[in-house]
Structure formats: C-alpha cells, structure tokens
Amino acid sequence: AHYPDVKGRTEIITLGTDFDKFKPMESSREDLGILENSVLFVGSSQNHPKGFDKLLDLIHTTDHNFCLVMKDDYTIDHPRVKVFNKIPHDLLVRVINSCSLLVCTSVVETLHLAGVEAAACNLPLVTTNVGVYYGKSDGDWGAIVLDGDFKGKINYVFDNIDQFSPREHFLKLGYDKPTCMAKWNKLIKEII
C-alpha cells in the first residue's frame with residue numbers, strides 16, 4: 001500500500017517468529033507481580049509511532065490491569081500497572097503468558113513482532129490497522145481498531161476470550177520461522 005507505483009510481481013514475506021519459544025505455558029503471573037487479566041503492551045513511550053498516549057488514556061480511563069514491557073526505561077507509579085524494561089526473551093515469554101490479551105496502539109508498524117509473539121502464546125490481540133494486521137477484520141486472532149475505540153474492542157475480546165485462537169491463526173498464515181525460511185528459499189530459487 002505504501003508503494004502503489006511498483007509494477008510487476010511482489011512478494012511479502014514476514015519475519016519468522018519462533019513458535020517453539022513463544023508458545024502457551026503455565027502462567028507465573030503471581031511470581032512476576034503481574035495482576036490478573038492484565039492487558040499487555042510491548043514497546044516504547046513514544047506517541048509516534050507507538051501511540052503511547054492512547055495507552056495512557058486506557059490506563060487512566062478504564063479499570064483494566066496493565067503490564068508494560070518497555071524498551072526505554074519508562075516508569076509509572078500506578079496501582080494497576082506492572083512495568084518491565086529491557087527484558088530477555090525467556091522472561092518475555094513468561095510475561096506474555098501471564099497476561100490475557102495484547103494491545104497495539106501504534107500509528108505505524110512494519111510488522112509488529114511483539115503482537116505475533118503474543119499470538120504465538122495464544123493471546124488475542126487488539127490492534128490498529130498497521131503491520132501484519134493491515135486490512136484485517138475482527139476474527140479468531142483478535143480485533144482491529146479502526147475508529148479509535150480501544151475500550152470497546154478490549155471489552156469485546158475479554159467478553160469473548162474463549163472464542164479466540166490466535167496461535168492457530170498466525171501459524172496458518174505461515175508466520176513461523178520454518179515457513180518463512182521456505183518462502184525465502186522458494187523465492188530465491190525462482191529468481192536464480
């Protein structure tokens with residue numbers, strides 16, 4: 001969509017996600033200090049491109065619990081918010097599995113790897129129309145926010161939490177590492 005003048009064959013191959021590392025597992029929520037039914041956000045405190053102002057609005061105008069995994073040493077003193085900064089992937093898998101859904105408030109993303117990793121752990125997503133979610137409709141993977149109503153979509157996902165199967169959805173799309181590698185190999189063989 002960003003390159004409407006490009007002619008000829010195009011191929012979009014996502015970065016592969018490690019579905020062997022990022023998978024559903026027993027929660028260690030209490031050990032990590034994560035509150036029950038937390039909404040997960042992974043990113044930075046930038047309003048552009050991450051839409052952090054929208055996340056802060058959700059924190060201050062809803063009664064949901066939140067877990068933030070930040071890459072910029074962000075802190076907040078709030079009774080319903082647990083913050084982690086610059087954590088290794090082994091801990092990230094535990095954090096994801098301790099939350100109930102992931103929210104992406106970004107205004108720009110090329111992929112949004114954190115969301116695919118959360119989906120690999122079978123967390124439903126509430127996202128903007130960016131990255132791999134561009135042009136998607138609500139479905140078994142989660143819900144898309146087109147009108148700015150994050151609150152409504154988060155409530156919708158919580159109300160229907162058992163109806164989502166995001167891991168299966170993104171595996172069917174071939175977002176795992178082996179499928180992505182096979183797509184690259186096929187493309188290169190066709191070119192050579």
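Since the model is a prediction, treat every value here as computed from it, not as a measurement.

## A look at the pattern of salt bridges
- A complete count under the given rule lists seven salt bridges for this structure.
- Asp-73 is paired through a salt bridge with Lys-86; the nearest N and O atoms lie 2.9 Å apart. Taken as a pair, Asp-73 in the loop between β2 (65-70) and β3 (81-85) and Lys-86 in the loop between β3 and α3 (89-96) lie far apart in primary sequence, 13 residues in all.
- Owing to a relative accessible area of 53%, Lys-86 belongs among the exposed residues under this scheme.
- The shortest N-O distance in the salt bridge between Glu-190 and Lys-186 comes to 3.3 Å. In this pair, Glu-190 and Lys-186 are both assigned in helix α7 (residues 177-191), four residues apart and thus about one turn of the helix distant.
- Taking relative accessible area as the criterion, Glu-190 reaches 40% and is therefore assigned partly exposed.
- Taking the relative accessible area as the measure of exposure, Lys-186 reaches 53% and is therefore exposed.

## Observations concerning the state of the cysteines
- For the coordinates displayed, the defined rule picks out zero disulfides.
- Among the cysteines around Cys-121, which has no disulfide bond, Cys-99 carries the closest sulfur, lying 10 Å off.
- The class of Cys-121 is buried, set by a relative accessible area of 4%.

## Points about the sheet that holds strand β4 (residues 101-104)
- Here six strands make up an open sheet; going across it, the order is β3-β2-β1-β4-β5-β6 and the pairing parallel. On the outer flanks of this sheet lie β3 and β6 (142-145), each paired with one strand and no other. For this sheet, the mean angle separating the axes of adjacent strands, direction not counted, is 20 degrees.
- Relative to β6, strand β5 (residues 125-128) runs parallel, the two being bridged by four bridges. Bridged to Leu-125 within β6 is Gly-142.
- Strand contacts of helix α2 (residues 52-61): β1 (38-43), β2, β3 and β4, with the helix running at about 150 degrees to β2, the strand carrying the most contacts.

## Focus on the nonpolar core
- Grouped together as the largest cluster of nonpolar side chains are 33 residues, with contacts concentrated most on Leu-40, Val-69, Phe-84, Val-95, Ile-96, Leu-125 and Phe-170.
- Elements that contribute at least two residues to this core include exactly β1, β2, α3, β4 and α4 (113-120).
- Take this core: its biggest share by element is five residues, from α4.
- Filtering out sequence-adjacent residues up to four positions away, Leu-125 remains in contact with Leu-102, Gly-115, Ala-118, Ala-119, Tyr-133, Trp-141, Gly-142, Ala-143, Val-157 and Phe-170.
- The next biggest cluster of nonpolar side chains, apart from the first, holds 20 residues, and it includes Leu-58, Ala-143, Phe-150 and Ile-154.

## Thoughts on the side chain of Ser-106
- Along the chain, Ser-106 falls in the loop between β4 and α4.
- The exposure class assigned to Ser-106 is buried, which follows from its relative accessible area of 3%.
- Engagement of the side chain of Ser-106 in a polar contact is seen with the side chain of Glu-109, the distance being 2.8 Å.

## Some details on the layout of surface pockets
- Size it by volume and the second largest pocket reaches roughly 410 Å³.
- If you trace the second largest pocket, you find 17 residues lining it, with Val-42, Lys-71, Leu-113, Ala-114 and Glu-117 closest to the centre.
- Listing elements by their share of the lining of the second largest pocket, those giving two or more residues are β1, β2, α3 and α4.
- Top contributing element to the lining of the second largest pocket by residue count: α4, with three residues.

Cut-offs applied
- Residues numbered from 1 in each chain as written.
- Predicted model: local features only at pLDDT ≥ 70, side-chain atom pairs only at ≥ 80, totals over all residues.
- Heavy atoms only, no water.
- Salt bridge = Lys/Arg side-chain N within 4 Å of Asp/Glu carboxyl O.
- Helix = DSSP H or I, 4+ residues; strand = E, 2+ residues; numbered from the N terminus.
- Buried < 20%, exposed > 50% of the residue type's maximum accessible area, 1.4 Å probe, protein only.
- Disulfide = S-S within 2.5 Å.
- Pairing = 2+ DSSP bridges.
- Axes fitted to C-alpha atoms, helices over the stretch in contact; angles between N-to-C directions.
- Contact = heavy atoms within 4.5 Å.
- Core = buried A, V, L, I, M, F, W, Y, C linked by side-chain atoms within 4.5 Å.
- Polar contact = N/O pair within 3.5 Å; in protein donor to acceptor, adjacent residues only side chain to side chain.
- 1 Å grid on protein atoms, 1.4 Å probe; cavity = no way out; pocket = protein on both sides within 12 Å on 5 of 7 lines; lining within 4 Å.
- Points joined across faces, edges and corners; volume = space filled by probe spheres on them.

Everything listed here is a matter of coordinates, which is why it stays silent on function.
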